[in-house]
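Here is how the chains run, residue by residue.
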Amino acid sequence: MLKQLSLLLCFAWIAGCGDKVTPKNISAAALAADKHWPDTGITLIYDGDLGPDPCDYTTLSMLHEYHRRGMINVIGIIGAAPEPLSGPVFDLYNRIYGNRIPIGAYDSSHDDDPYGLAARLMYQISVKVANRANPNREILRRYKSGSETKEPVGSPVSSYRRLLANAADSSVTLFLSGQLFNLHALLQTRPDQFSPLTGMELAGAKLRDIYIMGGHFPASGSNPVFDGTSGAEYNFWALGRSNITREALRRLNQLGKPVTYIGYEVGAQLQTGNAIIAALGTDHPSTHPYTLYRATSDRNSAVLTQDNPAFDEVALFYLAEKEREQFFTAVAGEIAINPAGANSWNTESSAQTGRQRYVKLLAGVEPELIKLINSRITGHY
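The structure reproduced in this document is the subject of the present report. Position numbers for residues start from 1 in each chain and track the written sequence from start to end. Local features in a predicted model are, by the rule used here, given only for residues with pLDDT of at least 70; side-chain atom pairs are given and counted only at 80 or more, and totals for whole chains, interfaces and linings are based on all residues. Here the side-chain values reflect all heavy atoms present in the structure, with hydrogen atoms and water set aside.

Take the overall build of the protein chain next. Along the backbone of the protein chain there are 16 helices and 13 strands. Partly exposed residues are those whose accessible area sits between 20% and 50% of the maximum for their type, while under 20% is buried and over 50% is exposed, using a 1.4 Å probe and protein chains only. The buried share of the protein chain, taken over its 381 residues, is 57%. Within the protein chain, residue pairs in contact and separated by at least 24 positions form 79% of the contacts whose partners lie at least 6 positions apart. Helix numbers and strand numbers start at the N terminus; a helix is a DSSP run of H or I with at least 4 residues, a strand a run of E with at least 2. Whether two residues are in contact is decided by their heavy atoms, any of which lying within 4.5 Å being enough.

See the structure below:
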């Protein structure tokens, strides 16, 4: 109860005082109460987007809850979309949860833009189509005055190289829950001030394993939902740019690291939204996007018309929680990607090595699993 009260006081201060949110708003007693949670030994870089879906924001809350409990050591949060407001929103979450996690995010002033004009425009269109207003702009308007950040925000690619260079060998878990522009760019980088290694060498030396929320398994072309994205699931579509996902995953799989895919079909079976609003209220950065999302809300009501799939949340849960065996199974094999980002799966190629696999949800576990995921999002463990 004390932890919940401290968070509510924190949100009240945000609404009234703009950027005066500091780590001391999370009480020491609340943090001490969380110390019994097990350290999973995971050192994580998170590469995810903020919009157009509301699950992006609840995943960020879930990530910060894991980090402040010491279950996961998040060493970096990197924005996966060409959203100029990503840096300030990531910074806001740092302040709310009392964390100081380094940030890498898109800014038009950065030299190493991995997107290109067409992809930037397509992203803005996707946000407008899916939402009645840009959720990032609305979050900053409600909870933070101005777009400045307390901590410096590097570009996604330079942040990747700095974080990996400073990490111990074979220590970093990479969680990708957005489009793969940053990974594509990282794996083609040359030596720089952060490391004398190329991007491939650096990733090969520092990464332990990789978890990717993306694709649809065993084959994305079988789902008519993806007809408008050339058969590709959204995160693999690369905003319409050919060969981004295909080349990124080709290079990634050359590293020989374990890669786990948690596809669209897993999160589609787990619906949330109303339960999160019931726990946290609508005046919260992670719930307000649900009320803006056209597919889940009515313009004239804060009550959702339907829940939304927990795409990214279930992938993070699978990565972090040891009890996953009671909810999931995995299929070994090897992914195949066409130039548009549509995927299929070959169960023969890598079945003996087990370095690649995709996750399947066991039958009948949905009610119990979504309750656990909701508790991880809201902090009501």
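Between its first and last C-alpha, helix 16 (residues 366-378) extends 18 Å over 13 residues, near the 18 Å set by a 1.5 Å rise per residue. All of the buried residues in helix 16 are L369, I370, L372, I373, N374, S375, R376, I377 and T378. If you follow the buried residues of helix 16, they end up packed against helix 3 (55-68), strand 8 (271-272), helix 13 (274-280), helix 15 (311-320), strand 10 (328-332) and strand 13 (356-361). Directly beyond the C-terminal end of helix 16, a positive phi value near 85° is found at G379. In this analysis, the expected span of each helix is defined as 1.5 Å times one less than the number of residues it contains.

Cis geometry is adopted by the peptide bond preceding P52, which originates at G51 and carries an omega value of 10°. Following F217, the chain continues into P218 via a peptide bond in cis, with omega recorded as 10°. Among the secondary structure elements, P218 is positioned in the loop between strand 6 (207-213) and helix 10 (234-237). The phi torsion at S170 lies on the positive side, around 50°, for a residue other than glycine. Here S170 shows up in the loop between helix 7 (156-165) and strand 5 (172-176).

Comment: axis = line fitted to C-alpha atoms, over the contacting stretch for helices; angle = value between 0 and 180 degrees taken between N-to-C directions. At a minimum axis separation of 7 Å, helix 3 and helix 16 run at an interaxial angle of 75°. With respect to their mutual orientation, helix 3 and helix 16 come out roughly perpendicular. Note on element contacts: helix 16 touches helix 3 through I373, R376, I377 and T378, opposite T58, S61, M62, E65 and Y66. Each residue gets one label: Ala, Val, Leu, Ile, Met, Phe, Trp, Tyr, Cys and Pro are nonpolar, Asp, Glu, Lys and Arg are charged, and the others, such as Gly, are polar. Looking at side-chain class alone, the contact of helix 3 with helix 16 contains four nonpolar, three polar and two charged residues. Angular relationships are summarised with four words: roughly parallel below 35 degrees, roughly antiparallel beyond 145, roughly perpendicular across 65 to 115, and oblique for the angles in between.

Right, let's talk about the packing of helix 7 against helix 9 (residues 199-206) for a bit. Between helix 7 and helix 9, whose axes approach to 10 Å, the crossing angle comes to 45°. Regarding the angle of helix 7 to helix 9, the classification is oblique. The two elements helix 7 and helix 9 meet at a crossing, and its hand is left-handed. Contact with helix 7, carried on its side by R161, L164 and A165, involves G199, L202 and K206 of helix 9 and no other residues of that element. Its residues placed into classes, the contact of helix 7 with helix 9 shows three nonpolar, one polar and two charged. A crossing counts as left-handed when the near helix is turned anticlockwise from the far one by less than a right angle, and as right-handed when that turn is clockwise.

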